[in-house]
Amino acid sequence: MSESTSTPGAVSGEGSGPLLSVRDLTVSFRTAQGPTSVVKNLEFDVPRGGALGIVGESGSGKSMTSLAILGLLPKGGTATGSVRFDGAELIGMSEREKRRVRGDRIAMIFQDPLSSLNPYYKVGTQIAEAYLSHRSGVSRKQARTVAIEAMERVHIRDAARRVDHYPHQFSGGMRQRIMIAMALSMEPDLIIADEPTTALDVTVQAQILDLLDEIRTETGAGLILITHDLAVVSEVTDQIVVMRAGETVERGAVEQVFSDPQADYTRRLLDAVPRIDDAIGVLRTTAITVPDNGRSAR
Amino acid sequence: MTFSSTSLEAEATPAGDSSLHETLESSPPASGRRLLRAFLTDWGAMLSSAYILLIILMAIFAPLLTMLSGWGPYEFDQAAIDPNLGAIPIGPFGGISAEHWFGVEPGSGRDIFARIAYGARVSMTVALSATLLTTVIGVVMGLLAGYFGGLVDLVISRVMEFLMAFPALIFMIAILSALPADNRVFLLVVVISLFGWPYLARIVRSQTLSLKEREFVEAAKASGASSRRIIFREILPNLQSTIIVMATLAVPGYIGTEAGLSFLGVGVVPPTPSWGQMIAAATPWYAVDPMYFVIPGAFLFLLVLSFTTLGDRIRTIATSGEARS
Amino acid sequence: MIRIVGSRLLGMLVVLFLVTLFTYAIFFLLSADPAVQICGKNCTPERIEQIRLNLGLDQPFWTQFWGYVGGLFTGRTFTVAGAAVECAAPCLGYSFQTSQLVGDMIVQRLPITATIAVGAAVLWLLGGVVAGVLSAVKEGRFLDRFFAGLTLGSMSIPNYVLALALQFIFVVALGWLPFPQAVKFTDDPGQWFLNFILPWVVLAVGYAAVYTRLTRANVIDTLQENFVRTARAKGLQPGLVWRRHALRPALTPIVTIFGMDVAGLLGGAVITETVFGLNGVGKLTADSITANDQPVIMAVTLLSAFFVIIGNMVVDLLYTAIDPRVRTGASA
């Protein structure tokens with residue numbers, strides 16, 4: 001595990017190495033039964049402007065991966081290995097340095113937009129928070145403008161007025177857009193979206209995915225999309241990592257993995273997705289078991 | 001976040017009793033044996049139970065104990081107090097001796113041990129009876145309001161709000177002072193319960209409301225079960241742990257309330273001893289004979305502490321037990 | 001908004017009316033001969049007659065009752081020893097035992113009650129919240145357990161026992177504090193403080209314990225919330241995360257409870273005042289009960305209920321102002 005701490009500067013954007021490089025990432029928790037690893041020896045790259053999907057069922061460790069990258073693991077969790085972001089090693093970085101990266105260069109979008117937004121504060125305030133925090137010498141007025149722009153970017157109409165509304169005054173889909181606006185406002189180099197569409201209606205899901213894709217193309221930011229939904233992954237990502245019980249089952253380009261899955265698990269996952277061109281018949285169900293991995297002890 | 005107050009402290013009640021802040025999640029009762037074992041190994045629970053048991057035994061066997069100790073609660077021992085010094089007890093610590101295990105009361109010379117033992121009767125009787133009464137009323141009302149909703153709920157909720165809006169302590173004092181002095185214990189129980197049941201009912205009602213929506217109730221309804229059956233078979237068992245914890249936590253509150261009312265002079269009528277009353281009588285003597293207030297004060301304190309601890313421990317054991325099962 | 005206030009006001013009036021009715025009924029229906037009761041000790045037949053006349057005790061219950069209620073709104077005149085005593089609205093009655101207008105008695109005593117209530121309130125709010133936050137931050141560690149034990153003990157000890165114990169220790173044994181008397185702040189601030197410290201502490205202790213536990217639970221819960229995680233993920237300064245995303249949601253409910261508790265105390269901290277012999281409204285209540293001075297008992301009961309109900313309403317409105325979800329109403 002290297003201790004180098006070159007301070008994260010601006011992304012050089014010249015294709016000099018992958019944006020994010022994860023090697024041998026292991027996340028473990030102290031439990032009553034002893035230490036348990038929820039992520040084991042994970043390895044992947046995210047090229048600049050690339051989109052990676054991390055796929056797995058609940059308990060596979062995919063969310064923990066994202067938290068580990070940002071250094072936001074819950075109490076009792078430790079991450080070992082290497083996570084290089086734009087050349088700087090995040091594991092072992094000081095909390096202060098990590099704070100500078102969070103929200104500014106790596107932004108995260110969470111699953112449930114209602115509970116992920118503070119009900120007591122206006123939406124605009126929450127979008128502008130990161131801006132005011134990370135940029136010195138900016139006024140509230142400027143921050144407010146940034147917030148309105150971010151909201152317009154994610155296609156929220158009447159943004160200038162709605163920036164003063166509270167989270168509960170928006171619909172689910174809108175709230176997720178606000179989360180995305182929050183992430184966008186700092187123009188991050190990498191966006192990590194953890195199950196961004198799971199809590200939403202199917203029709204809205206497509207819109208959100210399109211939005212994410214649009215943003216990636218427009219800003220050149222990298223994207224990590226975490227989901228259990230294979231259909232979602234196939235839409236937006238180039239590369240995919242399939243996880244199961246903390247371990248990497250398969251890795252590769254999306255088309256490749258989908259058309260020619262190497263691992264049995266991957267095959268079964270794919271089979272479980274109903275396809276519109278399937279012969280009309282019984283929906284194939286398959287018992288997919290996930291080993292306990294000490295989860296019940298948590 | 002829901003707040004509730006199950007205890008009527010002898011002063012105005014803090015509007016939120018956080019000892020019940022976490023409303024218990026209703027889930028199927030966990031294995032009884034496992035809970036029992038957890039209970040027996042919890043020294044907080046065991047110590048509290050031991051003390052409570054001690055007091056209960058003391059209350060029940062008060063006549064026997066006073067026979068052993070040699071002095072009853074109404075006998076005056078003039079020899080134990082010194083008339084020249086304003087009738088304070090002879091000897092240190094308020095006159096503690098082999099004769100009088102806890103000393104004597106200044107002024108009257110009555111044996112404190114005997115009065116403590118008999119006072120225990122009042123405290124326990126009132127508190128336990130009031131708890132029983134409020135629990136029964138509270139559960140019934142809460143279930144009715146929560147399950148049937150509509151007009152029933154409206155009426156019951158209004159009544160509850162009305163009762164909770166009263167300045168309970170003042171009202172209790174007022175009612176008790178206006179009434180004649182007989183059947184004091186009975187009156188105390190009734191008055192305390194009158195103002196106490198809404199707090200329990202409120203919690204039972206909200207839990208019933210959420211339980212009503214659960215699948216197993218829907219399933220029971222779908223299979224044609226009558227309301228009565230659903231209430232008794234499906235909903236009530238899930239309220240078990242809530243009810244037990246609330247009842248246990250109500251007791252210390254009522255002990256305090258009875259003691260407070262007695263302290264103010266509207267509780268049991270002298271010469272019947274009550275711990276609160278003893279402390280009131282001890283107030284003028286506190287500087288020269290502190291033991292006179294310390295002893296009943298300590299008994300009161302420990303009893304309330306024990307019940308509160310017990311309630312806390314039961315709740316912890318019940319919730320963690322359910323989580324594990 | 002107007003509609004909410006309006007309906008609340010109406011509800012409040014209804015409850016107040018019912019409280020008045022019940023209290024009146026209890027006294028005049030339960031006591032054998034109200035005139036004798038009201039007359040108290042040192043009674044004379046003349047006084048009994050006066051009472052009967054003034055309060056119309058020979059009249060039916062409802063007439064009496066409306067007379068009383070009417071007095072609350074328009075004032076009343078009493079005839080005492082041949083002279084007319086004006087009782088301006090709201091007329092809270094006349095104490096025949098002490099020959100004073102009840103309203104005057106109460107007004108005289110309110111400052112002391114307010115002093116005790118407010119002083120204790122400040123103490124318990126600050127103490128409870130700080131202890132609660134500390135306990136939450138150091139959850140599971142020594143400080144947390146220490147506070148847990150301390151609060152348990154504080155909740156269990158009856159105030160009068162604590163009052164006597166503290167008095168014994170600090171006034172008699174150590175002599176650090178004077179025996180509490182009602183010193184006016186304007187007369188001697190230093191003495192004022194020293195005199196009120198014991199009543200404040202005694203009253204505050206029980207509440208502080210509850211508030212500590214409440215705050216602790218709220219903070220712990222709030223720290224688990226997803227929006228706290230979002231705030232951290234944005235790389236916000238820890239101070240900001242704490243103030244805006246942890247403390248604000250956690251402490252808001254406490255403020256509302258605080259309002260209700262203080263309101264309840266304005267009717268008088270009966271026990272604390274009695275133990276320390278401070279002439280506040282609470283002690284007035286206790287004394288009048290001992291003396292069976294019914295008009296006074298009626299008045300203080302009413303006053304207390306009034307404060308509680310107002311407090312309730314204020315708190316409800318406060319919540320409407322504080323919680324955006326309630327204020328604007330959830331909309332899709």
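Residues numbered from 1 in each chain as written. Chains lettered and ligands numbered in written order. Predicted model: local features only at pLDDT ≥ 70, side-chain atom pairs only at ≥ 80, totals over all residues.

Visitor: Help me out: how do you make sense of the overall build of chain A in this one?
Guide: The helix and strand tally for chain A stands at 10 helices and 10 strands. The 298 residues of chain A split such that 44% are buried. A sequence separation of at least 24 residues applies to 69% of the contacts in chain A between residues at least 6 apart. (Helix = DSSP H or I, 4+ residues; strand = E, 2+ residues; numbered from the N terminus. Buried ≥ 20, exposed ≤ 12 C-beta atoms within 10 Å, placed from the backbone. Contact = placed C-beta atoms within 7 Å.)

Visitor: Any chance you could explain the interface of chain A and chain C here in plain terms?
Guide: Each side of the interface is counted separately: chain A has 26 residues, and chain C has 22 residues. Counting residues per element, the ones that place at least two in the side of chain A that touches chain C are α2 (95-101) and α3 (123-134) of chain A. No other element matches the four residues that α3(A) contributes to the side of chain A that touches chain C. For the side of chain A that touches chain C, a count of residues per class yields 11 nonpolar, nine polar and six charged. (Nonpolar A, V, L, I, M, F, W, Y, C, P; charged D, E, K, R; others polar.)

Visitor: Which parts of the structure should I look at to understand the pairing of strand β4 (residues 77-85) of chain A?
Guide: Strand residues, when the strand is regular, have side chains that alternate between the two faces of the sheet. Residues and elements named next belong to chain A. Sheet topology note: the strand β1 (residues 20-31)/β4 ladder contains eight bridges and is antiparallel. Its bridge partner lying in β4, S21 is registered against R84. Summarising the sheet, β4 and strand β5 (residues 88-89) pair through two bridges and their orientation is antiparallel. Along β5, the bridge assignment pairs F85 with A88. Between β4 and β5, which pair antiparallel in sequence order, lie two residues; one of them, D86, sits at a positive phi of approximately 50 degrees. (Pairing = 2+ DSSP bridges.)

Visitor: I keep staring at the sheet that holds β1(A) and nothing clicks. Help me out?
Guide: Strand pairing within a sheet occurs via backbone hydrogen bonds; the two strands may be parallel or antiparallel. All names here are of chain A. The four strands are arranged β2-β1-β4-β5 in an open sheet whose pairing can be described as antiparallel. Edge positions in the open sheet fall to β2 (34-46) and β5, since each of these has one partner strand only. Against the sheet, helix α1 (residues 62-70) touches β1, β2 and β4, its axis set at about 80 degrees to β2. (Axes fitted to C-alpha atoms, helices over the stretch in contact; angles between N-to-C directions.)

Visitor: Sorry, what's going on with helix α6 (residues 172-184) of chain A here?
Guide: Structural remark: α-helix, 3.6 residues per turn; residues separated by three or four positions point the same way. Residues and elements named next belong to chain A. Helix length check: α6, at 13 residues, gives a terminal C-alpha distance of 18 Å against a target of 18 Å (1.5 Å per residue), a fit within 8%. Counting buried positions along α6 gives 11 out of 13 residues, so the element sits mostly inside the fold. Among all positions of α6, only M174, R175, Q176, R177, I178, M179, I180, A181, M182, A183 and L184 are buried. (Expected span 1.5 Å × (residues − 1).)

Visitor: Even after reading the chapter, I still don't get the domain arrangement of chain C, so can you show me in this structure?
Guide: Note: interface size is frequently given as the accessible area lost on complex formation between the parts. All names here are of chain C. Its domain assignment divides chain C into domain 1 (2-101) and domain 2 (103-331). Measuring from the centre of the C-alpha atoms in domain 1 to the corresponding centre in domain 2 gives 33 Å. Contacts between the two partners involve 24 residues from domain 1 and, on the opposite side, 21 residues from domain 2. For the side of domain 1 that touches domain 2, the elements supplying multiple residues, two or more each, are α1 (2-30), α2 (34-39), β3 (94-95) and β4 (100-101). Split by residue class, the side of domain 1 that touches domain 2 holds 15 nonpolar, eight polar and one charged. (Domains from an automatic or database assignment.)

Visitor: Just checking my understanding: could you explain the environment of A:I156 for this structure?
Guide: All names here are of chain A. With respect to the helices and strands, the residue I156 is situated in the loop between α4 (140-153) and α5 (159-162). Separated by 102 residues in sequence, I156 and I54 place their C-alpha atoms 28 Å apart. Leave out the neighbours within four places in its chain, and I156 touches M151, R162, M174 and R177.

Visitor: What is the right way to read the environment of C:T230 from this model?
Guide: Residue and element names in this part refer to chain C. Relative to the assigned elements, T230 resides in helix α9 (residues 226-233). Using a count of 25 C-beta atoms within 10 Å as the deciding quantity, one classes T230 as buried. Here the alpha-carbon distance between T230 and G175, two residues 55 residues apart in the chain, equals 55 Å.

Visitor: How should I be thinking about the interface of chain B and chain C in this particular structure?
Guide: Each partner contributes to the interface: chain B provides 48 residues, whereas chain C provides 55 residues. When its residues are assigned to classes, the side of chain B that touches chain C shows 32 nonpolar, 12 polar and four charged.

Visitor: So what exactly am I meant to see when it comes to the sheet that holds strand β8 (residues 222-227) of chain A here?
Guide: Residue and element names in this part refer to chain A. The six strands lie next to each other as β6-β7-β8-β3-β9-β10, forming an open sheet whose pairing is mixed. The two strands at the open ends of the sheet, each matched to only one other strand, are β6 (106-109) and β10 (247-253). Averaged over all neighbouring strand pairs, the angle between strand axes comes to 15 degrees, with direction disregarded. Of the strand pairs in this sheet, strand β9 (residues 239-244) and β10 are connected by six bridges, and their pairing is antiparallel. Counterpart to Q239 in the pairing with β10 is A253.

Visitor: Explain unusual backbone geometry to me, please; I cannot follow it from the model alone.
Guide: Glycine aside, residues mostly have negative phi angles, and peptide bonds mostly take the trans form. Residues and elements named next belong to chain A. Here H155, not a glycine, exhibits a phi torsion of approximately 65 degrees, which is positive. Mapped onto the elements of the fold, H155 is located in the loop between α4 and α5. The class for H155 is partly exposed, based on 15 C-beta atoms found within 10 Å. You will see that A245, though not glycine, has its phi angle at about 50 degrees, which is positive. On the neighbour-count criterion, A245 (21 C-beta atoms within 10 Å) is buried.

Visitor: Just checking my understanding: could you explain the nonpolar core for this structure?
Guide: Generally speaking, a soluble globular protein has its nonpolar side chains buried in company with each other. Residues and elements named next belong to chain B. Ranked by size, the top nonpolar core spans 258 residues in total, and within it M172 and I173 carry the most contacts. The leading source of residues in this core is helix α5 (residues 112-148), at 16 residues. If we ignore the near neighbours within four places in the chain, the residues touching M172 are V191, I192, F195 and L261. (Core = buried A, V, L, I, M, F, W, Y, C linked by C-beta atoms within 7 Å.)

Visitor: It is not clear to me how the confidence of the model for chain A should be interpreted in this structure. Could you clarify?
Guide: As a note on interpretation, predicted positions should not be read in detail where pLDDT is low. Residues and elements named next belong to chain A. Scored by pLDDT, chain A comes out at a mean of 83, with 86% of its residues at no less than 70. Segment residues 1-14: pLDDT under 50, and 26 contacts once partners within four positions in sequence are set aside and those in other chains are kept. Across residues 293-298, confidence stays below pLDDT 50; counting only partners more than four residues off in sequence or on other chains, it has 14 contacts. (pLDDT = per-residue confidence, 0-100.)

Visitor: Would you mind going over the pairing of strand β7 (residues 190-194) of chain A with me for this structure?
Guide: Residues and elements named next belong to chain A. Of all five residues that make up β7, five are buried, and the element is covered over most of its length. Of the two faces of β7, the one holding L190, I192 and D194 and the one holding I191 and A193 are both buried throughout. Where β6 and β7 come together, four bridges link them in parallel fashion. Across the sheet, the residue bridging to I109 is A193, located in β7. Sheet topology note: the β7/β8 ladder contains five bridges and is parallel. Among the inter-strand pairings, D194 is bridged to a residue of β8, identified as I226. Remark: the β7/helix α7 (residues 202-219)/β8 crossover connection has right-handed handedness. (Right-handed = clockwise from strand over helix to strand, strands pointing away.)

Visitor: When you look at the packing of helix α6 (residues 142-156) of chain C against helix α8 (residues 189-223) of chain C in this model, what are you seeing that I'm missing?
Guide: Between two packed helices, both the angle of their axes relative to each other and the distance between the axes serve to describe the pair. Residues and elements named next belong to chain C. Between α6 and α8, whose axes approach to 8 Å, the crossing angle comes to 140 degrees. In terms of orientation, α6 lies oblique with respect to α8. Crossing angle aside, the handedness with which α6 passes α8 is left-handed. Facing α6, whose interface residues are F147, T151, S154 and M155, α8 presents V205, G206, A208, A209, V210, T212 and R213. A class-by-class count of the residues in the contact of α6 with α8 yields six nonpolar, four polar and one charged. (Parallel < 35°, antiparallel > 145°, perpendicular 65-115°, else oblique. Left-handed = near helix turned anticlockwise from the far one by under 90°.)

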